[in-house]
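Structure at a glance
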Amino acid sequence: MKRIGAFFTAGILLLTVLCFYACKDAASGEQEVLDSYGFVQDFSDRQGYRGWWYLFGDSAEGFKPMTYHEDFGEYRGEDYWSRLSVYDSIPGLNSEIAVGFSVPKTCTLSVSSTIYRHPPEGFGIGQDGVWYYSYCNSFTDAEELLFSEMIVDTEITVHTLTYETQVQEGDMLYFVINSRTNQSNDNCVLDIRIDLGGAA
Amino acid sequence: MKKFWAIFLAVLFCVPLVACGGGSVKKEEFTVSFAQKSGTLPQNVKKFDMFTSDWTWAGTSPGAFDEEMLTVVPAIEDVMSENLRIGMGIGTEYKSIGYEIGRLTDGSTDAEYASVFKLLTALEQNHVQPYLSICYGPDYSRVNGNWKNTPDSEKYETFVRNLVQTVERNGYNAVYEIWNEPDNSAFFTGDWEDYTETYLAGARGVRAADPDAFLVGMSAAWMNERATAMRTRKIGDESKQMTDLAYFIERTYGDCLADAFSWHYYGHDGETEDLGADSFSYYLNSYRDVLNGYLATGLYPALETVQTHINEYNVYIAGTTEKYMSAEIVPYMFRAMDDLLAAGDVTSINWAALVGEKNDKLSYELINGLSYERYPAYYALWMFARLPVDRIDCGIEAEGILSYAGADDGRAGILLCNASGITREITLRATDLPFASADATLYIADDVHKTYRSSNLPYVLAKQENMPCADGLYITVELAPNATAYFEFNDADGTAADNDYRVSKGTYLRTDYWYPERRDGAPWSDYVQSSGSAYVGMSDNAVGKSAVSVTLDDCRDVEFCMQYDVWGDAQPSAAATLGFRVDYELSGGGYADAVLYHFEGFGFDQSVPFGSGGAVSKKVSLGLPGKGSVPIRLRDHAPADWTGRVQITYIVKDAGNGACAKFLIR
């Protein structure tokens, strides 16, 4: 009986190891709750790491996770140009890109985000800028947006956007870049910092 | 029973219910012993190759090349595809890799192939042979302005000759196919006779450029019609009723006979059978019936070595439902693969397609051409590719569970696909693993476990290194409907799996097969170019024969160790052959001084349609059938006027029911 018990223990230990391995890559695996998060500092090749999701699609119809391209070091969506990284983010021809943040605990959090467009080419053909906006979980009209900013035409200044809001654990914040009518020269550089306050 | 539980190292892994689709769960236990290989079952032969359409490699403007797309080339090698069939789109007005070829020239300048060469270089680096579908009509040979029209024969011959010369002058070894789907008005406006003339012109061009080049003909969209519909045709002065396939055979038999006949097959919504004349078996057996009819006459012996390539294949055609991008399609794929593996005489199946159209529409792709996401269908092929060829009978008879297993000296693998429609909890016991300790990995492909990466590796559900194997291993996994799990055990001491090896002996020229019998379950043979591994087997037959021959150049100083292994019920007899022969090419032409290396009791000197074909000059016994190796220095038995080229032909004949052998050049 002792012998059986010894092997059983070995089995349990192994189970732990295997579970750990499996969860390491899983988007929904248990993760430590931090005080602050940063899109650039936390950027990862793993969807869901530190709560960040890299998405494409449409805020009305829903977003899907992008695919991390190991050679290019950036996420790609299923649309021409659709890509997202710390250096360069571009909405697709017919789709938006979004950074999602899965809230790890119920609290009041504050957001500070910067965005700027890469210097556009000399002539403004097709350069109608981008629309950058944020919401929690979903929205039905513009009133519910947590911020909304047009970065128009050939403008290349850095825009800083902030808000503070109460959230529940599991809520998803979305930071969306929309190409407006076309996505010519819509290359943007984005950062988002999120600080978690105390319990709500 | 107590002892059983005590000596097995328990590995229990439970996937959360939400990850498995919920619903009822059926629990089962299976034991798979790796002690004995099966020779009667179809082996896990690596004959699933790849296809990409004209536009896959093209950039966003005509003539441009999509450099980024080259990052998917390693994905071809990782599913053990020996070749990539490339639609070239020559002469078309749309974006294609062959856009520049023959547009302003006769196809003879390197510059017009710049895009093609980028791809060919990447393929070569990844041990994948290019399979160029020379379609369609370039400006140079065009008649009446349309690339779909029957080209001017003389000019087309010149063009194809120039194309082959240019490709080979630049150091590439490719397969050449004349046109694509000439029986589809979307790609050819002429009739079958017009295509046959076009083929003959192209074939003459290929042969003139390089007599050793591998030539493919037909590329038929609808073999169900080509092999059955009777039409009045004129051969010489004689008019007779015949099928298009028969007409093609009779018109091309001789110097222009193709090395492979090619045709395409797409299933309906995943199904490939019970579709009447659209069933895969109807396509294949109608085609075989015509070939067998000619073979039976004894007047067309060269047809015995014409290969069958289904060089566009899928269980569905590009459609409008997302299930093709989900795991739902995978059970259909494995069911179809059972049929394809049973058809030993089909030597290459090009999955359509590696990458589909690069837009946001639904396509028939394994990899999304914009996001580079690998779909479950890709992972299914990846998992099958990893399985050793040497088949293990799983003995799993559970309704709705599709299973495959294989083992060689470096790897053992078990693949389970849940086609049952309900969640299954499966405890799998792997016993008699062929090594002392294993690095074990459990991969899964379903709609929940996604990597969200461009990596070719499926989701790793569990991994553990250095697990002692003496007492077996077991693991429990829940499989959602349509999920596929692949359990891989690699020798922790580092012995490589047979097909992970990359051979570099001599210069590879081509592979030829001998299939005197065209039916499911006939004796078979296979050669894996990249690893130099050859397999022959009797399947469930006591009598019958097959052979595969590989032609290698630059072998004067080549020495290697031929490792071999035999399994199944090999039965020696005076009529039995099991082994390989080496034929030496003479500088004056032809082959001579063949040496037959055979197992004891399997030394019948079977003539073959390769090398000198006839009696061998020498026999070397490998001893009783079993595992071993023999050092071979090719020059030892070479004639004085040897060119340095050899044909190594692996043969099985009347070797006993289920007899199977492999030969590995190392």
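Note that the structure is predicted; figures quoted are calculated from it, not measured.

Overview of the overall build of chain B
Per the secondary structure count, chain B includes ten helices and 30 strands. For a compact globule of 666 residues, the expected C-alpha radius of gyration is about 26 Å, and chain B comes in at 25 Å, within 12% of that figure. Considering only C-alpha atoms, chain B reaches an extent of 80 × 60 × 45 Å along its principal axes. In chain B, buried positions account for 57% of the 666 residues.

Observations regarding the sheet that holds strand E9 (residues 130-136) of chain A
All names here are of chain A. The strand order E3-E2-E7-E12-E9-E10 describes an open sheet built from six strands, whose pairing is antiparallel. Edge positions in the sheet fall to strand E3 (62-65) and strand E10 (147-151), since each has one partner strand and no second. The average undirected angle you get between the axes of adjacent strands in this sheet is 25 degrees. Where E9 lies against strand E12 (residues 172-178), six bridges are found, and the strand directions are antiparallel.

Notes on helix H5 (residues 192-209) of chain B
Residue and element names in this part refer to chain B. For H5, with 18 residues, the first-to-last C-alpha span of 25 Å sits near the 26 Å given by 1.5 Å per residue. All of the buried residues in H5 are Trp-192, Tyr-195, Thr-196, Thr-198, Tyr-199, Leu-200, Ala-201, Gly-202, Ala-203, Gly-205 and Val-206. Taken together, the buried residues of H5 touch strand E5 (129-134), helix H4 (153-169), strand E6 (175-178), strand E7 (214-220) and helix H7 (244-252).

Some details on the domain arrangement of chain B
Bring the parts together and some accessible area is lost; that lost area is often taken as the interface size. Looking at chain B, the domain boundaries give domain 1 (7-44 + 389-499), domain 2 (48-386) and domain 3 (501-665). In terms of residue class, the side of domain 1 of chain B that touches domain 3 of chain B is made up of two nonpolar, four polar and three charged.

Notes on the packing of H4(B) against H5(B)
Pairs of packed helices are described in terms of their axes, by the angle between the two and the distance that separates them. Residues and elements named next belong to chain B. The geometry of H4 relative to H5 is characterised by a closest axis approach of 7 Å and an angle of 35 degrees between their N-to-C directions. Note on packing geometry: the crossing formed by H4 with H5 is right-handed. Between H4 and H5, the contacting residues are Ser-153, Tyr-156, Glu-157, Thr-158, Phe-159, Val-160, Arg-161, Val-164, Gln-165 and Glu-168 on the first element and Glu-197, Thr-198, Ala-201, Gly-202, Arg-204, Gly-205, Val-206, Ala-208 and Ala-209 on the second. Tallied by class, the residues present in the contact of H4 with H5 amount to eight nonpolar, six polar and five charged.

Observations concerning the sheet that holds E6(B)
Residue and element names in this part refer to chain B. Reading around the circumference, E3-E4-E5-E6-E7-E10-E11-E12 is the order of the eight strands in this closed barrel, with parallel pairing throughout. In this sheet, neighbouring strand axes are inclined to one another by 30 degrees on average, regardless of whether the strands run parallel or antiparallel. Pairing of E7 with strand E10 (residues 260-266) involves three bridges; the strand directions are parallel. Directly across from Ala-220, in E10, lies its bridge partner Trp-263.

Side note on the confidence of the model for chain B
All names here are of chain B. The share of residues in chain B with pLDDT of 70 or more is 96%, and the mean pLDDT across the chain is 94. Note on residues 1-22: pLDDT under 50 across the span, and 50 contacts to partners over four residues away in sequence or across chains. Taken together, the chains of this predicted complex give a pTM of 0.93 and an interface ipTM of 0.90.

Side note on the nonpolar core
Residue and element names in this part refer to chain B. Counting 157 residues, the largest nonpolar core has Ile-134, Tyr-176, Met-333, Leu-354, Ala-380, Leu-381 and Ala-430 as the members making the most contacts within it. Looking at this core, you find at least three residues from each of domain 1 (7-44 + 389-499) and domain 2 (48-386). Residues within four places of Leu-354 in sequence aside, it is in contact with Met-50, Phe-51, Thr-52, Val-72, Ala-75, Ile-76, Leu-366 and Ile-367. Counting residues in each nonpolar core, the second largest holds 53 residues, with Ala-534, Ala-547, Leu-634 and Leu-664 among its members.

Let's talk about the environment of B:Trp382
Residue and element names in this part refer to chain B. Inspection of the secondary structure puts Trp-382 in helix H10 (residues 376-386). Given 21 C-beta atoms within 10 Å, Trp-382 falls into the buried group. For the pair Trp-382 and Val-548, spaced 166 residues apart in sequence, the C-alpha to C-alpha distance is 25 Å. Beyond its immediate sequence surroundings of up to four residues, Trp-382 is in contact with Asp-78, Val-79, Asn-456 and Pro-458.

Re the pairing of E12(A)
Residue and element names in this part refer to chain A. Burial analysis of E12 places six of its seven residues in the buried class, the great majority of the element. Taken together, the six bridges between strand E7 (residues 96-102) and E12 define a ladder with antiparallel strand orientation. Along E12, the bridge assignment pairs Phe-101 with Leu-173.

Some points on the pairing of strand E19 (residues 484-491) of chain B
Residue and element names in this part refer to chain B. Most of E19 is tucked away: eight of the eight residues are buried. Burial of E19 is two-sided: the residues Thr-484, Tyr-486, Glu-488 and Asn-490 facing one way and the residues Ala-485, Phe-487, Phe-489 and Asp-491 facing the other way are all buried. For strand E16 (residues 437-445) and E19, the ladder comprises eight bridges, and the chain directions are antiparallel. From the neighbouring strand, Tyr-443 faces E19, where its bridge partner is Tyr-486.

Looking at unusual backbone geometry
Residues and elements named next belong to chain B. A cis amide bond links Cys-135 to the next residue, Tyr-136, at an omega of 10 degrees. Mapped onto the fold, Tyr-136 is located in the loop between E5 and H4. In this structure, Ala-353 follows Ala-352 across a cis peptide bond, with omega equal to 5 degrees. By secondary structure assignment, the location of Ala-353 is in the loop between strand E12 (346-352) and H10.

Cut-offs used in this document
- Residues numbered from 1 in each chain as written.
- Chains lettered and ligands numbered in written order.
- Predicted model: local features only at pLDDT ≥ 70, side-chain atom pairs only at ≥ 80, totals over all residues.
- Helix = DSSP H or I, 4+ residues; strand = E, 2+ residues; numbered from the N terminus.
- Rg over C-alpha atoms; globule rule 2.2 N^0.38 Å.
- Buried ≥ 20, exposed ≤ 12 C-beta atoms within 10 Å, placed from the backbone.
- Pairing = 2+ DSSP bridges.
- Axes fitted to C-alpha atoms, helices over the stretch in contact; angles between N-to-C directions.
- Expected span 1.5 Å × (residues − 1).
- Contact = placed C-beta atoms within 7 Å.
- Domains from an automatic or database assignment.
- Nonpolar A, V, L, I, M, F, W, Y, C, P; charged D, E, K, R; others polar.
- Left-handed = near helix turned anticlockwise from the far one by under 90°.
- pLDDT = per-residue confidence, 0-100.
- Core = buried A, V, L, I, M, F, W, Y, C linked by C-beta atoms within 7 Å.

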